[in-house]
Amino acid sequence: MVTPLDLVKCRIQVDPEKYKSVFKGFKVTLAEDGARGLVRGWAPTFFGYSIQGMFKFGLYEVFKVHYSNLAGEENAYNYRTTLYLVSSASAEFFADIGLAPFEAAKVRIQTMPGFANTLREALPKIYGDEGLGGFYKGLVPLWLRQIPYTMMKFACFERTLELLYMYVVPKPRQDCTKGEQLVVTFAAGYIAGVFCAIVSHPADSVVSKLNQEKGASAINVMKKLGFGGLWKGLGPRIVMIGTLTGAQWFVYDAVKVWLRMPRPPPPEMPESLKKKLGLA
């Protein structure tokens, strides 16, 4: 779904003179590559973000339980935003190691004409030209992009979900139908996605340019792009990441519904803390 937007966003980042805006980017791509050109790089996007998503969402749940147990019930509630941030950062650290090779292939396919047309062509070519390091030279910028992005994604989603049920939705979550709950999930996910896109966009620009240029370093790329260049392509990325994040949370929650897995409501103050505060 989001590959065409991602492709145009990457091209705006690496060649802003040619692809001056979203509409110009689509127009030039259609004229040069046809409709099929808009889905260039779909395979590394599909496999890379599937692997990343598996580790990101799976390990987030693991780390959240682990850190909650270490902190204790009351601290886990009082400092739940910190809990969300630390758990998501830990999960993303490992998720990006799985994503990096596919991200390197995707950017080259989308922004370097003649390099490769498919993932099967790109992976051996990167390895032949640059060795194993070619797959991971963008890993540190990827961490700089994805870890703040994921911290915002999970923490903002969790707290937005709490606030929607507290102030917007007219009844408690347990009284909502499954369909109503999924709508709230998508809304909270989309809101989180907008903040994610803004927080992580400068690092995303560096990753795109770094994977396009051989022998470049993140510092050199940042100097070359300048402050304005770091924000090129933000508009399509907000739309892309907002839609993607909302869809991810929707699918994630829908799978839980389909498999009848437990879906805990937003956290409530534990009884022990209520007693301490005289609220019980």
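Values in this document were obtained by computation on a predicted structure and should not be read as measured data.

**Examining the overall build of the protein**
When its secondary structure is counted, the protein shows 12 helices and 0 strands. For a compact globule of 280 residues, the expected C-alpha radius of gyration is about 19 Å, and the protein comes in at 21 Å, within 12% of that figure. Taking all 280 residues of the protein together, 48% fall into the buried category. Here the protein displays about 14100 Å² of accessible surface, and carbon together with sulfur accounts for 67% of that area. Averaging the positions of the 34 positive and the 23 negative side-chain charges in the protein gives two centres separated by 4 Å.

**Details of helix α5 (residues 80-111)**
An α-helix turns once per 3.6 residues; consequently, residues spaced three or four apart project the same way. Helix length check: α5 (32 residues) gives 41 Å between terminal C-alpha atoms against 46 Å at 1.5 Å per residue, more than 12% under. Of all the bends in α5, the greatest reaches close to 45° and is centred on L99; the proline P101 follows between one and four positions later. A large share of α5 lies buried, amounting to 24 of its 32 residues.

**A few points about a nonpolar patch on the surface**
Together, F186, F250, V251, V255, W258, L259 and M261 make up a nonpolar patch on the protein surface, roughly 680 Å² of accessible area in all. The leading source of residues in the nonpolar patch is helix α11 (residues 234-258), at 4 residues.

**A look at the UniProt feature "repeat: Solcar" (unreviewed entry) in the protein**
Residues given the UniProt feature "repeat: Solcar" (unreviewed entry) here are residues 1-66, 79-163 and 180-258. The distance from the first to the last C-alpha atom of residues 1-66 is 34 Å, and the span holds 74% helix and 0% strand. The span residues 79-163 carries 86% helix and 0% strand; its end-to-end C-alpha distance comes to 16 Å.

**Considerations on the side chain of T150**
Within the fold, T150 resides in helix α8 (residues 139-168). T150 gets classed as buried once you look at its relative accessible area, which sits at 0%. Contact partners of T150, with chain neighbours within four places excluded, come to K56, S88 and E92.

**Some remarks on the domain arrangement of the protein**
The domain architecture assigned to the protein consists of domain 1 (41-170) and domain 2 (171-279). Spacing between the C-alpha centres of domain 1 and domain 2 amounts to 10 Å. Each partner contributes to the interface: domain 1 provides 36 residues, whereas domain 2 provides 42 residues. Summed over both sides, the interface of domain 1 with domain 2 buries roughly 3600 Å², with 70% coming from carbon and sulfur. Where domain 1 meets domain 2, there are 1 salt bridge. Among the ionic pairs, E61 bridges to K256, the shortest N-O distance being 3.9 Å.

**Some details on the confidence of the model for the protein**
In this model, the protein carries an average pLDDT of 87, and 98% of its residues clear a pLDDT of 70 or more. In the model of the protein, helix α12 (residues 271-277) stands out as the element of lowest mean pLDDT, 77, in contrast to α5, which has the highest, 93.

**Concerning the pattern of salt bridges**
Within the structure shown, the criterion is met by 15 salt bridges. Several salt bridges converge on common partners, so that one network encompasses D6, K9, E103, K106 and R145.

**Some words on the packing of aromatic side chains**
The geometry of two aromatic rings is summed up by the distance between their centres and the angle between their planes. Inspection of the entire model under this criterion finds 16 aromatic pairs. Centre to centre, the rings of F93 and W143 are 4.7 Å apart; their planes meet at 10°, and the pair counts as stacked. With a gap of 50 residues between them, F93 in helix α5 and W143 in helix α8 connect regions that are remote in the sequence. Both rings, one in W249 and one in Y252, keep their centres 5.7 Å apart while their planes meet at 75°; by these two values the pair is edge-to-face. With W249 and Y252 both in helix α11 and 3 residues apart, the pair spans about one turn of that helix. Its end group placed over the ring of Y77, R80 keeps NZ or CZ at 4.4 Å from the ring centre. For the cation-ring pair, K125 lies above F115, with the distance from its terminal atom to the ring centre recorded as 5.0 Å.

**A look at the layout of surface pockets**
In this structure, the largest pocket occupies an estimated 820 Å³ of space. Sorting the residues of the lining of the largest pocket by element identifies α1 (3-14), α3 (42-71), α5, α8 and α11 as the ones contributing at least two each. If one sorts the elements of the lining of the largest pocket by residue count, α3 sits on top with 11 residues. Across the lining of the largest pocket, the residue classes tally to 14 nonpolar, 8 polar and 9 charged.

Criteria and cut-off values
- Residues numbered from 1 in each chain as written.
- Predicted model: local features only at pLDDT ≥ 70, side-chain atom pairs only at ≥ 80, totals over all residues.
- Heavy atoms only, no water.
- Helix = DSSP H or I, 4+ residues; strand = E, 2+ residues; numbered from the N terminus.
- Rg over C-alpha atoms; globule rule 2.2 N^0.38 Å.
- Buried < 20%, exposed > 50% of the residue type's maximum accessible area, 1.4 Å probe, protein only.
- Areas by Shrake-Rupley, 256 points an atom, 1.4 Å probe, with all protein chains shown as cover.
- Lys, Arg positive; Asp, Glu negative; His and termini not counted.
- Charge placed at Lys NZ, Arg CZ, Asp CG, Glu CD.
- Expected span 1.5 Å × (residues − 1).
- Bend = angle between axes of the 7 residues up to and from the residue.
- Patch = residues over 30% accessible without salt bridge, like charges linked within 9 Å, V, L, I, M, F, W, Y side chains within 5 Å.
- Salt bridge = Lys/Arg side-chain N within 4 Å of Asp/Glu carboxyl O.
- UniProt positions renumbered as here; feature names shortened; annotations may be inferred.
- Contact = heavy atoms within 4.5 Å.
- Domains from an automatic or database assignment.
- Buried area = accessible area lost by both parts, 1.4 Å probe.
- pLDDT = per-residue confidence, 0-100.
- Phe/Tyr/Trp six-rings, centres within 6.5 Å; stacked < 30°, edge-to-face > 60°.
- Lys NZ or Arg CZ within 6 Å of the ring centre and 35° of its normal.
- 1 Å grid on protein atoms, 1.4 Å probe; cavity = no way out; pocket = protein on both sides within 12 Å on 5 of 7 lines; lining within 4 Å.
- Points joined across faces, edges and corners; volume = space filled by probe spheres on them.
- Nonpolar A, V, L, I, M, F, W, Y, C, P; charged D, E, K, R; others polar.

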